[in-house]
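Listed below, chain by chain, are the residues.
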Amino acid sequence: MTLFSEFLQTITPDSAMFTAQATDDWRQGRTLYGGASAALCLEACLRLVADQGAALPPLRSAQISFIGPAATDLRLQPVIVRQGKSATFMGCDLLSEGQIATRAVFCFGASRSSPVTRLAARAPSVPGPDECTAFFPSERRPAFAQHFDVRLAAGARPIS
């Protein structure tokens, strides 16, 4: 099993872009698990800015479009779309075998004070993880799911 940190370490610079290696345990069928594709795009953006000796404000939003399969020959093309005083927009295309697999847009923004007060909704009362059953039966778990300890807190599994 490839740890998430090891998975991200496969990203290496290659002229104006980055390359990455996907291991089978991060796949969902014939493509990379969507969360892993998004993580590669975010990491490529962070590295692009870090390589320029700069820093970004906190990540505020992300829009991820999964367009095609991300299988082999992964290449990442991060770009700064716009950088202002308080916000930076970045995009990243994840290419697989020369075709676009994922397109991501990230917004990084500085904190600002606001006269608006919002009340956060209370978290539902659920049993602790040790009291809940595993979400995926071990024999029917997708390959990428071995990286997550998912528990069913209430209700029934989908398609049960």
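All figures in this text were calculated on a predicted structure; none of them were measured in a lab.

Asks: Even after reading the chapter, I still don't get the pairing of strand E6 (residues 74-83), so can you show me in this structure?
Replies: Successive residues of a regular strand alternate their side chains across the two faces of the sheet. Of the pairings in the sheet, the one linking strand E2 (residues 17-20) to E6 comprises three bridges and is antiparallel in character. Bridging across to E6, Phe18 finds its partner in Leu76. Where E6 meets strand E7 (residues 87-96), nine bridges bridge the pair, whose relative direction is antiparallel. Bridging from a neighbouring strand, Arg75 pairs with Leu95 of E7. Hairpin connection of E6 to E7: three residues between the antiparallel strands.

Asks: Where do I start with the nonpolar core in this structure?
Replies: Taken as a class, soluble globular proteins show a tendency for nonpolar side chains to be buried jointly. Grouped together as the largest cluster of nonpolar side chains are 26 residues, with contacts concentrated most on Phe7, Ile11, Leu32, Leu40, Cys41, Leu74 and Leu76. Elements represented by at least two residues in this core include exactly helix H1 (4-8), E2, helix H2 (34-51), E6, E7 and strand E8 (99-109). The greatest single-element share of this core, amounting to eight residues, is contributed by H2. The contacts of Leu32, once residues within four sequence positions are left out, are Phe7, Ala22, Trp26, Arg27, Ser37, Leu40, Ala70 and Leu74.

Reading the values: rules and limits
Residues numbered from 1 in each chain as written. Predicted model: local features only at pLDDT ≥ 70, side-chain atom pairs only at ≥ 80, totals over all residues. Heavy atoms only, no water. Pairing = 2+ DSSP bridges. Helix = DSSP H or I, 4+ residues; strand = E, 2+ residues; numbered from the N terminus. Core = buried A, V, L, I, M, F, W, Y, C linked by side-chain atoms within 4.5 Å. Buried < 20%, exposed > 50% of the residue type's maximum accessible area, 1.4 Å probe, protein only. Contact = heavy atoms within 4.5 Å.

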